[in-house]
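Survey of secondary and tertiary structure
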Amino acid sequence: MAKDSYLVGLIGAGIGPSLSPALHEREADRQGLRYLYRLIDIDALGVPPEAVGDLVRSARDLGFDGLNVTHPCKQLVIEHLDGLSAQAEALGAVNTIVFENGRAVGHNTDVTGFAASFARGLPDVPLERVVQLGAGGAGAAVAHATLTLGAERVTVVDALADRAAALAASLERHFGAGRAAHATPDRLPDLLADADGIVHATPTGMAAHPGLPFPAELLHPGLWVAEVVYRPLETELLHTARAIGCATLDGGGMAVFQAADAFRLFTGREPDAARMLADIGELAGAVSAPK
């Protein structure tokens, strides 16, 4: 017999502005569920990211049904779990944990979330040469999604050279030789000059991390720009890119589709993604159509 009451949460840093609680709770209300979604902010708690294992154990012991996990804990949490879905294992990153029969099993809904959003928002853009800025937990997911969508080659750029190299190597093992490369940020001018598009997968632009992730003059009208940050929906990067005529995709669609997939994992019930897209439009301003 299906449950009708759920307690879930989100672990991350600086997550006060997150729209995940409202997205999940609104959809649950429409389905007649009692559903509490709590924020577990490591900044507010004054604990380091490495405390994520203790937080997961505490949530399990307190009767949570599941957790979402965000920056900077998506990779750190893995060693504290009892099992991983095939996708989470391939990515080396977890954004959703389901507690079942005393076990904590990690999943990743960022991949499917980004892929669904990209296919909806930028359906006809060229994908021969894609640059991705950011090789963290979200970066691993969106790089997998971009290659799954048909990108010929993704060049991963990260200030941590070893992290970029490790992600590129993982992508090549999964998708084949020549499908991924890595670089340091000093190569962005040359890379973006020849690229079809850029996927931005760092925290820069979030409410707690305002600003541009790279100099505005590196943008050009032939470049499409896809953003992972969704709060705010109109990041400085997207505002600048739209102003010069780039096709753009904000992070709202990814936020909705990954939340819908997590909701399904937590409850076993089918969410209505169209209603959830309308929700994020109300909660954060309309999800912008590509221009």
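Small disclaimer: the values here were computed from a predicted structure and weren't measured. (Residues numbered from 1 in each chain as written. Predicted model: local features only at pLDDT ≥ 70, side-chain atom pairs only at ≥ 80, totals over all residues. Heavy atoms only, no water.)

Notes on the overall build of the chain
What the chain contains, in helices and strands, is eleven helices and twelve strands. Since a compact globule built from 291 residues should have a radius of gyration of about 19 Å, the 18 Å found for the chain is in line with a globular shape. Considered along the principal axes of its C-alpha atoms, the chain spans approximately 55 × 40 × 35 Å. In the chain, which comprises 291 residues, the proportion classed as buried is 53%. By sequence separation, contacts in the chain at least 24 residues apart represent 69% of the contacts at least 6 residues apart. (Helix = DSSP H or I, 4+ residues; strand = E, 2+ residues; numbered from the N terminus. Rg over C-alpha atoms; globule rule 2.2 N^0.38 Å. Buried < 20%, exposed > 50% of the residue type's maximum accessible area, 1.4 Å probe, protein only. Contact = heavy atoms within 4.5 Å.)

Brief notes about helix α5 (residues 110-121)
Compared with the 16 Å implied by 1.5 Å per residue over twelve residues, the 16 Å span of α5 between its first and last C-alpha is a close match. Turning to α5, its buried residues number three or more, namely D110, V111, G113, F114, A115, S117, F118 and G121. The elements touched by buried residues of α5 are α4 (86-91), α6 (137-148), β10 (197-200), β11 (224-227), β12 (248-249) and α10 (252-267). (Expected span 1.5 Å × (residues − 1).)

Considerations on the nonpolar core
Among the nonpolar cores identified, the biggest contains 33 residues, and F114, F118, W224 and A226 are the most heavily contacted of them. The element best represented in this core is α6, accounting for seven residues. The contact partners of W224, leaving out residues within four places of it in the chain, are F118, L122, V125, P126, L127, V130, D196, G197, I198, V199 and A247. Counting residues in each nonpolar core, the second largest holds 19 residues, with L55, V56, A88 and V94 among its members. (Core = buried A, V, L, I, M, F, W, Y, C linked by side-chain atoms within 4.5 Å.)

A short note on the environment of D250
Structurally, the position occupied by D250 is in the loop between β12 and α10. Sequence separation of D250 and V225 is 25 residues, and the distance between their C-alpha atoms is 8.5 Å. Of note is the side chain of D250, whose polar atom sits 2.9 Å from the backbone nitrogen of G252. (Polar contact = N/O pair within 3.5 Å; in protein donor to acceptor, adjacent residues only side chain to side chain.)

Comments concerning the pairing of strand β5 (residues 96-100)
Where burial is concerned, most of β5 is hidden: four out of the five residues are buried. By the bridge criterion, three bridges tie strand β3 (residues 66-69) to β5 in an arrangement that is antiparallel. Across the sheet, residue L67 finds its bridge partner in β5, namely I97. Here β5 pairs with strand β6 (residues 103-107) via five bridges, running antiparallel. Bridging across to β6, E100 finds its partner in R103. Taking the residues that link successive antiparallel strands as the turn, the β5-β6 hairpin has two residues, and the phi of N101 there is positive, at about 55°. (Pairing = 2+ DSSP bridges.)

Structural notes on unusual backbone geometry
Among all residues save glycine, negative phi is the norm, and among peptide bonds the norm is trans. The residue after H71, namely P72, is reached through a cis peptide bond having omega 5°. Mapped onto the elements, P72 comes out in the loop between β3 and β4 (83-84).

Digging into the packing of aromatic side chains
Under the defined criterion, the tally for this structure stands at four aromatic pairs. Ring geometry for Y6 against Y35: centres 6.1 Å apart, planes inclined by 45°, an arrangement best described as tilted. Residue Y6 is found in strand β1 (residues 5-12), and its partner Y35 is found in strand β2 (residues 34-41); the two are separated by 29 residues along the sequence. For the pair shown, Y6 and Y35 are each scored as buried. The ring of Y6 has K3 lying over it, and the distance from NZ or CZ to the ring centre is 5.0 Å. (Phe/Tyr/Trp six-rings, centres within 6.5 Å; stacked < 30°, edge-to-face > 60°. Lys NZ or Arg CZ within 6 Å of the ring centre and 35° of its normal.)

Considering the confidence of the model for the chain
Looking at the chain as a whole, its pLDDT mean stands at 94, while 97% of the residues score no less than 70. A low-confidence stretch, residues 286-291 (pLDDT under 50), is modelled with 19 contacts involving residues beyond four sequence positions or located in other chains. (pLDDT = per-residue confidence, 0-100.)

Topic: the pattern of salt bridges
For the structure shown, the criterion picks out 16 salt bridges. Where K74 meets D110, a salt bridge forms, and the shortest distance between an N and an O atom there is 2.7 Å. Of this pair, K74 sits in the loop between β3 and β4 while D110 sits in helix α5, placing them 36 residues apart in sequence. Classification of K74 as buried rests on a relative accessible area of 10%. Two residues, E270 and R264, come together in a salt bridge whose shortest N-O distance is 2.9 Å. (Salt bridge = Lys/Arg side-chain N within 4 Å of Asp/Glu carboxyl O.)

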